Amino acid sequence: MPIDATPSEAAPIEFIGFAATHESSESGPRAEGPVVQPDYVREVARVHEASGFDRVLIAHSSASPDGFTVADQVLQHTSRLGVLLAHRPGFVAPTLAARKFATLDAFHPGRVALHVITGGDDADQARDGDFTDKPTRYRRTDDFLDVVRKEWTATEPFDHEGEFYQVKGGLSAVRPAAPIPVYFGGASADAVRTGSRHADVYAFWGEPLAGIAERIREVRTAAAPHGRDPRFSVSLRPIAAATEAEAWERAREILRLTKERFGELRKSFPLDHAEQRGSQRLLEYAAQGEVHDKRLWTEIAKTTGAAGNSTALVGSYEQVADALLDYVALGVTTLLIRGFSPLADARDYATLIDLVRTSRAATAAADEAVVPA
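Residues numbered from 1 in each chain as written. Predicted model: local features only at pLDDT ≥ 70, side-chain atom pairs only at ≥ 80, totals over all residues. Heavy atoms only, no water.

**Q** Looking at this structure, I do not really get the sheet that holds strand β8 (residues 201-205). What am I missing?
**A** Two orientations exist for strands paired in a sheet by backbone hydrogen bonds: parallel and antiparallel. Judged by pairing direction, the barrel is parallel, and its 8 strands sit side by side in the order β1-β2-β3-β4-β7-β8-β9-β14 before closing back on the first. Across the sheet, the mean angle from the axis of one strand to that of its neighbour is 25°, orientation sign disregarded. The sheet contact formed by strand β9 (residues 231-236) and strand β14 (residues 334-337) spans 4 bridges and is parallel. Within β14, the position partnered with S235 by the bridge is L336. Those strands touched by helix α7 (residues 209-223) are β8 and β9, and its axis lies near 150° from that of β8. (Pairing = 2+ DSSP bridges. Helix = DSSP H or I, 4+ residues; strand = E, 2+ residues; numbered from the N terminus. Axes fitted to C-alpha atoms, helices over the stretch in contact; angles between N-to-C directions. Contact = heavy atoms within 4.5 Å.)

**Q** Just checking my understanding: could you explain unusual backbone geometry for this structure?
**A** Excluding glycine, most residues fall at negative phi; most peptide bonds, likewise, are trans. Of note in the backbone geometry, D293 takes a positive phi value of approximately 55° without being a glycine. Among the secondary structure elements, D293 is positioned in the loop between β11 (291-292) and β12 (296-297). The exposure class assigned to D293 is partly exposed, which follows from its relative accessible area of 45%. The backbone phi angle of A306 is positive, close to 55°, even though this residue is not glycine. Along the polypeptide, A306 turns up in the loop between α10 (299-304) and β13 (312-316). For A306, a relative accessible area of 0% corresponds to the buried category. (Buried < 20%, exposed > 50% of the residue type's maximum accessible area, 1.4 Å probe, protein only.)

**Q** Whenever I open this one, helix α6 (residues 189-198) confuses me. Can you help?
**A** In an α-helix, one full turn covers 3.6 residues, which means residues spaced three or four apart are oriented alike. Along α6, the residues that are buried comprise A191, V192, T194, G195, S196 and H198. Residues of α6 that are buried in the fold lie against α5 (134-153), β7 (182-185), β8 and α7.

**Q** How do you make sense of the nonpolar core when you look at a structure like this?
**A** One broad rule of soluble globular proteins: the nonpolar side chains tend to lie buried together. In this structure, I58, V74, W152 and Y202 are the most contacted members of the largest nonpolar core, which totals 73 residues. Per-element accounting of this core gives the leading share, 8 residues, to helix α11 (residues 317-329). With sequence-adjacent residues up to four places away left out, I58 is seen in contact with A19, G67, V70, A71, V74, V83, L84, L85 and A86. Of all hydrophobic cores here, the second largest spans 12 residues; its members include I239, W248, I254 and W297. (Core = buried A, V, L, I, M, F, W, Y, C linked by side-chain atoms within 4.5 Å.)

**Q** Would you mind showing me how to read the packing of aromatic side chains here?
**A** Remark: the centre distance and the inter-plane angle together describe each pair of aromatic rings, the angle taken between the planes. Evaluation of the coordinates by the stated rule reveals 7 aromatic pairs. Ring geometry for Y202 versus F204: centroids 5.6 Å apart, planes at 40°, classification tilted. Among the residues examined, Y202 registers a relative accessible area of 0% and is labelled buried. Residue F204 is classed as buried on the basis of its relative accessible area of 1%. When the centroid spacing of 5.7 Å and the interplanar angle of 15° are considered together, the rings of F204 and F232 count as stacked. Taken together, the positions of F204 in strand β8 and F232 in strand β9 put the pair 28 residues apart, joining distant regions of the chain. Following the ring pairs from residue to residue traces out a cluster consisting of Y138, F184, Y202, F204 and F232. One Lys or Arg, K100, reaches over the ring of F68 and ends 4.4 Å from the middle of that ring. Lying across the ring of F18, R338 places its NZ or CZ 4.7 Å from the centre. (Phe/Tyr/Trp six-rings, centres within 6.5 Å; stacked < 30°, edge-to-face > 60°. Lys NZ or Arg CZ within 6 Å of the ring centre and 35° of its normal.)

**Q** How should I be thinking about the side chain of H22 in this particular structure?
**A** On the secondary structure map, H22 appears in the loop between β1 (14-18) and α1 (38-51). For H22, the side chain forms a polar contact with the main-chain oxygen of V35, separated by 2.9 Å. When residues no more than four places from it in sequence are discounted, the contact partners of H22 are A31, P34, V35, Q37 and Y40. (Polar contact = N/O pair within 3.5 Å; in protein donor to acceptor, adjacent residues only side chain to side chain.)

**Q** Sorry if this is basic, but what is going on with the environment of G227 here?
**A** Here G227 shows up in the loop between α7 and β9. A relative accessible area of 69% places G227 in the exposed class. With 30 residues separating them in the primary sequence, G227 and R197 have C-alpha atoms 8.6 Å apart.

**Q** Hey, could you run me through the pairing of strand β4 (residues 112-116) in this one?
**A** Side-chain positions along a regular strand alternate between the two faces of the sheet. The buried fraction of β4 is high, at 5 of 5 residues. Of the two faces of β4, the one carrying V112, L114 and V116 and the one carrying A113 and H115 are both buried. Relative to β4, strand β3 (residues 82-87) runs parallel, the two sharing 5 bridges. In the sheet register, H87 faces β4, and the bridge partner there is V116. Crossover connection from β3 via helix α3 (residues 94-107) to parallel β4: handedness right-handed. (Right-handed = clockwise from strand over helix to strand, strands pointing away.)

**Q** So what exactly am I meant to see when it comes to empty space enclosed by the protein here?
**A** In this approach the atoms are scanned with a rolling probe the size of a water molecule, which exposes any empty space left behind. Taken as a whole and judged by the stated rule, the model has 2 cavities of 30 Å³ or more. As a volume, the largest cavity reaches approximately 60 Å³. Forming the boundary of the largest cavity are L209, H292, D293, K294, R295, L296, L313, A323, D326 and Y327. With 3 residues, the single largest contributor to the lining of the largest cavity is α11. Class assignment of the residues belonging to the lining of the largest cavity gives a composition of 5 nonpolar, 1 polar and 4 charged. What the second largest cavity holds in volume is close to 50 Å³. Along the walls of the second largest cavity sit F18, H48, I337, R338, G339, P342, D345, A346 and Y349, which together make up its complete lining. Counting residues per element, the lining of the second largest cavity draws most heavily on helix α12 (residues 342-370), which supplies 4 residues. Considering only residue class, the lining of the second largest cavity consists of 5 nonpolar, 2 polar and 2 charged. (1 Å grid on protein atoms, 1.4 Å probe; cavity = no way out; pocket = protein on both sides within 12 Å on 5 of 7 lines; lining within 4 Å. Points joined across faces, edges and corners; volume = space filled by probe spheres on them. Nonpolar A, V, L, I, M, F, W, Y, C, P; charged D, E, K, R; others polar.)

Laid out in structure tokens, this is it:
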């Protein structure tokens with residue numbers, strides 16, 4: 001067993017994809033048509049379900065369409081696929097946010113999860129009228145999640161007196177029958193301090209294996225005093241093909257297109273990731289080398305300023321599946337994978353998902369066979 005692995009080696013692997021309201025990526029052309037394209041939402045949801053994904057991320061920014069509406073559309077047009085709905089605390093009262101999530105869950109039981117994104121870009125926060133600094137935002141998130149948990153679970157009226165939120169006699173008529181999972185992202189000390197108290201799943205961007213092992217240790221250490229044992233997620237951009245050479249050919253073309261098109265994209269909607277510790281970490285790794293471990297490619301992160309999930313695994317399907325399993329061996333149980341051609345790649349990732357799960361099942365069966373009775 002690897003030094004950083006957990007004893008629960010056979011824990012199920014969760015795959016999360018990405019559902020936007022139109023086709024777009026760093027390397028793609030400017031999207032044609034309206035921002036919200038209902039037919040595209042339906043297709044991307046159904047393709048993810050058919051490929052074997054467990055959930056799709058519904059992302060958030062100050063310019064994004066309403067995530068609750070998009071999530072409902074995804075859930076309406078699938079039968080099994082879940083959603084990981086990003087929510088930024090500070091703009092909706094926590095009691096109301098809790099009821100919105102619980103109501104969505106009531107219509108689609110067990111298929112809704114909350115992804116807490118506190119907000120690392122001051123300019124993006126300001127577009128929605130929030131001028132607090134990052135430490136303040138993380139303290140607000142902490143208070144927000146305390147109220148959300150109470151609203152989800154309280155069977156009698158409750159009061160809450162926090163730094164940011166006060167509630168008198170709070171009680172929701174709609175509560176989730178089973179706990180709604182809370183996913184949490186952030187690499188700063190404030191993020192770890194807050195997320196370790198609340199996260200069921202702590203999410204990392206795609207760092208090299210040593211970096212992820214370091215992050216897992218950090219979060220586990222912070223979570224232990226709170227009696228919490230979170231699971232872990234890693235976000236990556238697989239570029240897979242029948243052969244390694246074909247995969248690298250496609251990767252170079254994606255890089256060329258990204259360099260050509262990304263500047264124009266950011267003119268229309270600038271985002272500054274310099275304040276985000278997660279972006280800084282990716283850029284530090286990119287400065288150390290183009291490829292880390294077996295095949296973690298950092299050039300897209302370098303080109304975009306590490307604008308979010310921007311490191312790729314490049315290789316044949318079998319090679320990329322093996323690289324994903326290296327993260328699983330560290331204790332990661334959620335893999336968030338999305339492509340540079342979102343719809344086509346979601347369809348293509350069925351092969352990766354099958355390879356990873358088949359290999360995982362075979363390893364688990366072999367481990368069971370050698371365990372003494």
